[in-house]
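# Commentary on secondary and tertiary structure
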Amino acid sequence: MSASPTTFAAPPPPAVGAALPSARLSAPRAEAALAVLLIALAGLQVARGMATVFPLDDAYIVLHNAQVLLAGGVDPKFTEASALVGSTSPLHLILVAALGLILPLPAGLTLLAFLGAFAYGCGLIAAARRGGAGEGGAFAFALAGLLAAHSPFQLLNGLETGLAMAAVMWALVLYGDAATGAMRRWLLWILIGILPVLRPELAVLGLLLGACDLWRMRDEAGGATRTAVRRALPYAVAAGLIVAPFLVWQWVDTGTVLPGTIGAKKAWFAETDLPIGLKARSLVTDTTQFLAGFGLTVLPALLLLPTTAAGRIGAVFAAIVLALYFHEMPGGLSHNEQRYLHVFAPVVMFGAAGLFWAGPERFGAIGRMPNAVAAVLALPAALFALPGLARYRDATAFTAGDLDRVARHAREALPANARLLIHDAGYIAWATTLPLVDMVGLKTPSSIADHRALTLPSNGTRRGEAIARIAARGAVSHAVVLDDWNDRFGIVDGLIAAGWTATPTGPAGAYRIYRLTPPTAPAAAPAP
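Just so we're clear, the structure is a prediction, and the values are computed from it rather than from any experiment.

### Some remarks on the overall build of the protein
The secondary structure content of the protein amounts to 24 helices and five strands. The burial tally for the protein puts 54% of its 528 residues in the buried class. For the protein, contacts bridging at least 24 residues in sequence account for 73% of all contacts bridging at least 6. For the protein, the accessible surface area stands at approximately 21800 Å², while carbon and sulfur atoms represent 67% of it.

### Overview of the environment of Gly506
Locating Gly506 in the fold gives a position in the loop between strand S4 (501-505) and strand S5 (511-517). Overall, Gly506 belongs to the partly exposed group, its relative accessible area being 36%. Residues Gly506 and Leu414, 92 residues apart in the sequence, show an inter-C-alpha distance of 9.2 Å.

### Observations concerning the nonpolar core
Formed by 161 residues in total, the largest nonpolar core has its most connected members in Tyr120, Phe317, Leu420 and Leu421. Once residues within four sequence positions are removed from consideration, Tyr120 is found in contact with Gly145, Leu146, Leu155, Met165, Ala166, Met169, Ala345, Pro346 and Met349.

### A few points about the confidence of the model for the protein
When pLDDT is averaged along the protein, the result is 88; 89% of the residues meet or exceed 70. Note on residues 360-368: pLDDT under 50 across the span, and eight contacts to partners over four residues away in sequence or across chains. The low-confidence segment residues 522-528, where pLDDT is below 50, has zero contacts with residues more than four positions distant or belonging to other chains.

### As for the pairing of S5
The pairing of strand S3 (residues 478-482) with S5 spans five bridges and is antiparallel. Note that in S5 the partner of Ala479 across the bridge is Tyr514. Of the pairings in the sheet, the one linking S4 to S5 comprises five bridges and is antiparallel in character. Bridging from a neighbouring strand, Thr503 pairs with Arg515 of S5.

### As for unusual backbone geometry
You will see that Ala149, though not glycine, has its phi angle at about 55°, which is positive. Here Ala149 falls in the buried class, since its relative accessible area comes to 8%. Residues other than glycine seldom take positive phi values, yet Gln338 does so here, at roughly 60°. Note that Gln338 resides in helix H16 (residues 335-338).

### Quick word on the packing of aromatic side chains
According to the stated counting rule, one finds 14 aromatic pairs in the structure shown. Taking 5.4 Å as the distance between ring centres and 70° as the angle between the ring planes, the aromatic pair formed by Trp268 and Phe489 counts as edge-to-face. Of this pair, Trp268 sits in helix H12 (residues 260-269) while Phe489 sits in helix H23 (residues 483-489), placing them 221 residues apart in sequence. A residue is classified by how much of its surface remains accessible, and Trp268, at 0% relative accessible area, is buried. With relative accessibility at 12%, the residue Phe489 sits in the buried group. Measuring from ring centre to ring centre gives 6.1 Å for Phe269 and Trp485, while their planes differ by 75°; the resulting arrangement is edge-to-face. A residue pair is termed long-range when its members are at least 10 positions apart, and Phe269 in helix H12 and Trp485 in helix H23 qualify at 216 residues.

### Topic: a nonpolar patch on the surface
The grouping of Leu247, Val248, Trp251, Val252, Val257, Leu258 and Ile262 at the surface amounts to a nonpolar patch, some 670 Å² of accessible area in total. Looking at the nonpolar patch, the element that brings in the most residues is helix H11 (residues 225-254), giving four residues. As for its placement among the helices and strands, Leu247 is situated in helix H11.

### With respect to the environment of Gly137
Within the secondary structure, Gly137 sits in helix H6 (residues 135-147). Counting along the chain gives 12 residues from Gly137 to Ile125, while the straight-line C-alpha distance between them is 8.7 Å.

Rules used throughout
- Residues numbered from 1 in each chain as written.
- Predicted model: local features only at pLDDT ≥ 70, side-chain atom pairs only at ≥ 80, totals over all residues.
- Heavy atoms only, no water.
- Helix = DSSP H or I, 4+ residues; strand = E, 2+ residues; numbered from the N terminus.
- Buried < 20%, exposed > 50% of the residue type's maximum accessible area, 1.4 Å probe, protein only.
- Contact = heavy atoms within 4.5 Å.
- Areas by Shrake-Rupley, 256 points an atom, 1.4 Å probe, with all protein chains shown as cover.
- Core = buried A, V, L, I, M, F, W, Y, C linked by side-chain atoms within 4.5 Å.
- pLDDT = per-residue confidence, 0-100.
- Pairing = 2+ DSSP bridges.
- Phe/Tyr/Trp six-rings, centres within 6.5 Å; stacked < 30°, edge-to-face > 60°.
- Patch = residues over 30% accessible without salt bridge, like charges linked within 9 Å, V, L, I, M, F, W, Y side chains within 5 Å.
- Salt bridge = Lys/Arg side-chain N within 4 Å of Asp/Glu carboxyl O.

Structure follows, in structure tokens:
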């Protein structure tokens, strides 16, 4: 690729609003190599018999909700729930259900995860190629991004994470290209409409991109604001037409335009009013561990990110969302192998792609330095990925072992009229037909009110009282509790303190089933 000298001028950095250079059209050899790699990985998963086993229980909430949606929208296991209740991403749910029309739902979910990984990898290739990388360098850079931190785990976790990572990457790339062609600008605004229904926090990125592109149109119109607004209106309408049906569906189905999962987790974990120092330590620890997972990539990424308009937008997006997490639920950043932090992985990699356009001026006579940089980044990323890949292997083995074991026992050994109190609402709903009550509130929304009244204002100290209320209202006969959660949140102790009897039953393992007996009602006082 050839690029103008001003693109690579250093110093000074690119001017405010500057875009990365557009890539020339070329045979997609890097994308083809990526496709072959992912197909081989999928084949390996099939050979191991693990292609439709997912590392997170939440993936089975998606499968259960898709099953409910395809069956007409009425959930037979959670009396208060519809298909959207417990869903973080309505778009992801629709896509899984659509694939479920032609494939078994688990196979459709796996296919969608690999498509998300491929889309993310193609976005990484596009970012590198726009900076001047050759095909080999772009492919190596894509490998570095796909392997960095816990990206392999997140891309294949059975949730919307991979699609979200791909959407963020392409949003930044398309913003850099939007001023160079009408089609690219349309694609940018279509993506702006998709972002909020893919993950709620991506609405922040969509608003920033839309506002900045409007300002750029104003500059293109010579400072004429009205001209810019008239020009932006068709794009904004297109984005609105994409997001509006999902918001209406969410409102009609759940009574709110935001997924209820946000409020449920906030109330259950009860971190909003924790001391600022404790919240800050949690935030710094998790973000530092996340960035460390990028190895050598992180320093150039952070240095070069502010040198492009798209990079600055990505940085502001990350800062706003992290501030929201700091205020509401900082501990959430560590959940599920830092799942929520990985929407920032594309931002980091977009900054690192600046090494390619920085290369010719900064490295001078070393003609192939940009491609060499990609190789240097890819090798440590592969090494850093090894623990994450082992964690993915262990997590899928946990699903196939402990989760399946407890679900099978509940299905085969518990009475047909048993009602289960649960906190992991996915696999047990997918693999059994028993009625369920979710103590967290993801699938039983009435539980959220109890945690808002007791758990949240007490910083978690009255969580046991809230659980006891939920158990009584749900008339449950058994509870399925993960030992780790029991240790952290005192679930069984809270029930016992409220007068319940909890008797372990079934096979021992990471999950335990307890037979529950409610408190005996006090005898009525004798009449005078």
